Amino acid sequence: MKIKTNQIVVFSGAGMSAESGISTFRDSGGLWEQYKIEEVATPEAWRKNPSLVQQFYNFRRKQILECKPNKGHLMIAQLERRFPVTVITQNIDDLHERAGSKHVLHLHGNIRLSKSSGPNSDRNYFPIEGWELTMEDRCPEGYILRPHVVWFGEEVPMLSKAAEMVSKADILIVVGTSLNVYPAAGLIHYTKSDARKYIIDPNVHEFSLPSGFTSIQAGAEEGLQQLLKEL
Ligand code: APR
């Protein structure tokens, strides 16, 4: 008889960090209302004006360093005391790690790390001390260091690993993502038929979801509080 492992996968997006004071992308006043994606978050933007792109991520890194994990991050970290938990996050902040989560997979990169702007850039990542990456910072091969962030139009190197984790999950908890951006959003279709699936989002009533999801219309902290009582 298969022993139920209750392997939990948490799939988080920008809404997870909203209660830490970090703006989301597509809510009103979100980042994509303040900046044009094509000017700061594409390889073409980097080719055209690398220092503008560098400044954009320096501004975001500074904000992230000034913010703290919220109760939602802490509840997810504490879940590891009761279950095997993997966090798959679209967020480039390190708030899950700072809350104590030990197994975090960053689908869209990690703003605390840099990588070469040259070829084979996903071979090595370099920690960034403090908030600023300057145009003088170079990798060993001499290329300018860019943020370790997956830009629109770039490959998502961790996608297959993430899909494998979701396919093994007994419980999937989706929190704080509009499920607007692929291929990340497609991960919710990888669950096995008997997995329990939950989604926490204040706007979840606007979502068209595949069958089998239990929707919790709330912010991350309140929604996780409610859900974790049931688990
Ligand atoms: N708690 C939980 N969810 C919240 C909260 C909150 N306090 N506040 C807002 N939300 C929800 C919104 O309702 C929305 O569904 O968080 C979601 C944020 O959606 P987006 O801003 O689209 O962010 P995300 O889904 O993470 O974007 C995915 O797009 O721009 C790219 O690479 C970027 O990783 C990002 C990807």
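Residues numbered from 1 in each chain as written. Predicted model: local features only at pLDDT ≥ 70, side-chain atom pairs only at ≥ 80, totals over all residues. Heavy atoms only, no water.

1. Let's talk about the site of the ligand
What surrounds the ligand is a group of 23 residues, the closest being F25, R26, T177, S178 and D201. Within the backbone of G15, a nitrogen or oxygen atom sits 3.3 Å from a nitrogen atom of the ligand. Taking S178, its side chain carries an N or O atom lying 2.6 Å from an oxygen atom of the ligand. In isolation the ligand exposes 730 Å². Once the protein is present, 92% of that is buried. Comparing atom positions with the cavity grids shows the ligand to sit within the largest pocket. Class assignment of the residues belonging to the shell around the ligand gives a composition of nine nonpolar, ten polar and four charged. (Near = heavy atom within 4 Å. Polar contact = N/O pair within 3.5 Å; in protein donor to acceptor, adjacent residues only side chain to side chain. Areas by Shrake-Rupley, 256 points an atom, 1.4 Å probe, with all protein chains shown as cover. 1 Å grid on protein atoms, 1.4 Å probe; cavity = no way out; pocket = protein on both sides within 12 Å on 5 of 7 lines; lining within 4 Å. Sits in = over half its atoms within 2 Å of the grid points. Nonpolar A, V, L, I, M, F, W, Y, C, P; charged D, E, K, R; others polar.)

2. Quick notes on the domain arrangement of the chain
Per the domain assignment, the segments making up the chain are domain 1 (1-21 + 69-108 + 155-231) and domain 2 (23-66 + 109-149). Look at where the C-alpha atoms of domain 1 and domain 2 centre, and you get two points 25 Å apart. On the side of domain 2, 17 residues touch domain 1, which itself brings 18 residues to the contact. Both faces considered, domain 1 and domain 2 share a buried interface measuring about 1,200 Å² in area, 53% of it formed by carbon and sulfur atoms. Together, A14, I92 and D94 form the three largest contributors to the area buried by domain 1 at its contact with domain 2, with a combined 40%. In this structure, R112 and D94 form a salt bridge, with 2.5 Å as the shortest nitrogen-oxygen distance. (Domains from an automatic or database assignment. Contact = heavy atoms within 4.5 Å. Buried area = accessible area lost by both parts, 1.4 Å probe. Salt bridge = Lys/Arg side-chain N within 4 Å of Asp/Glu carboxyl O.)

3. Here's the deal with the sheet that holds strand 1 (residues 8-12)
Reading across from one edge, 3-2-1-7-8-9 is the order of the six strands in this open sheet, with parallel pairing throughout. Single-partner strands in this sheet number two, and they are strand 3 (104-106) and strand 9 (213-216). Pairs of neighbouring strands in the sheet enclose a mean axial angle of 20 degrees, with direction left out of account. Along the sheet face, helix 9 (residues 220-230) touches strand 7 (171-175), strand 8 (196-200) and strand 9 and points at about 155 degrees away from the line of strand 8. (Pairing = 2+ DSSP bridges. Helix = DSSP H or I, 4+ residues; strand = E, 2+ residues; numbered from the N terminus. Axes fitted to C-alpha atoms, helices over the stretch in contact; angles between N-to-C directions.)

4. Re the side chain of H96
On the secondary structure map, H96 appears in helix 7 (residues 95-99). With relative accessibility at 1%, the residue H96 sits in the buried group. At 2.9 Å, the side chain of H96 forms a polar contact with the side chain of S12. Other than its neighbours up to four places away in sequence, H96 contacts S12, M16, H73, I76, V87, T89, S101 and V104. (Buried < 20%, exposed > 50% of the residue type's maximum accessible area, 1.4 Å probe, protein only.)

5. Some thoughts on the side chain of K197
Inspection of the secondary structure assignment puts K197 in strand 8. The side chain of K197 sits in the buried core without any salt bridge; D194 is the nearest counter-charge, 9.8 Å away. Side-chain polar atoms of K197 contact the backbone oxygen of S211, separated by 3.0 Å. Residue contacts for K197: discarding those within four places in its chain leaves L172, T191, S211, G212, F213 and T214. (Lys, Arg positive; Asp, Glu negative; His and termini not counted.)

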